Amino acid sequence: MAVFAFGANYDGKDVFNDFINNNCVGIGWSYKDNTSGHNMIRTMKAGDIVYIKNCNMGSDITVRAIGIIKDFDYKKIPGVAEIARHVKWLNTNSFVVSNPKNTDKNNVRSNSVYEEYNPNIIAEIIDRI
């Protein structure tokens, strides 16, 4: 099992409700514009945990929803994501996790998608399922 974080801000447009209503997470960038993001999404497995986050560089992390990848399929959802995964949402209550400033210098939290490795953040996510 892995834990992945997704942003839901597409150049100022909040797609959080689109993710929730379509039972998915994904990215809006094309394959050409975000090859590594597309490849990461393709490697996710059924059972992996995902969370929607809001986090600017150096700020605390607002977790907006937590879910689990349902299957091995990925698809395009017009107007929502160029590549998306099916999700069963387990918790859609927002909460804040303190930025682990002393252990995660120059982290990737402002990226569209990333795998979470910080044990404290993973513990916070799992505790909310």
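Each remark here, short or long, concerns the structure printed above.
How each quantity is defined
- Residues numbered from 1 in each chain as written.
- Predicted model: local features only at pLDDT ≥ 70, side-chain atom pairs only at ≥ 80, totals over all residues.
- Heavy atoms only, no water.
- Helix = DSSP H or I, 4+ residues; strand = E, 2+ residues; numbered from the N terminus.
- Buried < 20%, exposed > 50% of the residue type's maximum accessible area, 1.4 Å probe, protein only.
- Lys, Arg positive; Asp, Glu negative; His and termini not counted.
- Salt bridge = Lys/Arg side-chain N within 4 Å of Asp/Glu carboxyl O.
- Polar contact = N/O pair within 3.5 Å; in protein donor to acceptor, adjacent residues only side chain to side chain.
- Arc of directions from axis to C-beta.
- Contact = heavy atoms within 4.5 Å.
- Patch = residues over 30% accessible without salt bridge, like charges linked within 9 Å, V, L, I, M, F, W, Y side chains within 5 Å.
- Areas by Shrake-Rupley, 256 points an atom, 1.4 Å probe, with all protein chains shown as cover.
- Core = buried A, V, L, I, M, F, W, Y, C linked by side-chain atoms within 4.5 Å.
- Phe/Tyr/Trp six-rings, centres within 6.5 Å; stacked < 30°, edge-to-face > 60°.
- Pairing = 2+ DSSP bridges.

Chemist: Would you mind going over the side chain of Asp48 in detail, with residue names and values included?
Modeler: You can see Asp48 is positioned in the loop between helix 2 (35-43) and strand 5 (49-54). No salt bridge is formed by the buried Asp48; the nearest opposite charge belongs to Lys45, separated by 5.7 Å. One polar contact links the side chain of Asp48 to the main-chain amide nitrogen of Ala2, over a distance of 3.0 Å.

Chemist: Residue-level account of helix 2, with values.
Modeler: Where helix 2 is concerned, the buried positions are Gly37, His38 and Ile41. Taken down its axis, helix 2 places every buried residue within 100 degrees of arc, on the same side. Residues of helix 2 that are buried sit in contact with strand 1 (3-7), strand 4 (24-27), strand 7 (81-91) and strand 9 (113-115).

Chemist: Could you give an account of a nonpolar patch on the surface, naming the residues involved and the relevant values?
Modeler: Taken together, the side chains of Met1, Leu90, Ile126 and Ile129 make up a nonpolar region of the molecular surface, amounting to roughly 400 Å² of accessible area. Along the polypeptide, Ile129 turns up in the segment after helix 3 (119-127).

Chemist: Explain the nonpolar core to me, and be specific about the residues and the numbers.
Modeler: Counting 25 residues, the largest nonpolar core has Phe6, Phe19, Val25, Met44, Val50, Ile52 and Trp89 as its most contacted members. Among the elements of the structure, strand 1, helix 1 (16-21), strand 4, strand 5, strand 6 (61-77) and strand 7 are those that each provide at least two residues to this core. No other element matches the five residues that strand 7 contributes to this core. When residues no more than four places from it in sequence are discounted, the contact partners of Phe19 are Gly7, Ala8, Tyr10, Cys24, Val25, Gly26, Ile52, Val80 and Trp89. Residues Ile49, Ile61, Ile66 and Ile125 belong to the second largest nonpolar core, which totals 14 residues.

Chemist: Which residues make up the packing of aromatic side chains, and what values go with them?
Modeler: Applying the stated criterion across every chain yields a total of one aromatic pair. Judged by centre distance (6.4 Å) and plane angle (75 degrees), the ring pair of Tyr10 and Phe19 falls under edge-to-face. Phe19 sits in the buried class, given a relative accessible area of 0%.

Chemist: Report on the pairing of strand 5, specifying residues and quantitative values.
Modeler: Across the six residues of strand 5, five count as buried, placing the element largely inside the fold. Note: strand 1 against strand 5, five bridges, orientation parallel. By the bridge assignment for strand 5, Gly7 is matched with Lys53.

Chemist: Provide a residue-level description of unusual backbone geometry, including the pertinent values.
Modeler: Notably, Asp11 is not glycine yet its phi reads approximately 50 degrees, a positive angle. Among the structural elements, Asp11 can be located in the loop between strand 2 (9-10) and strand 3 (13-14). For Asn23, which is not a glycine, the phi torsion comes out positive at approximately 50 degrees. Within the secondary structure layout, Asn23 lies in the loop between helix 1 and strand 4.

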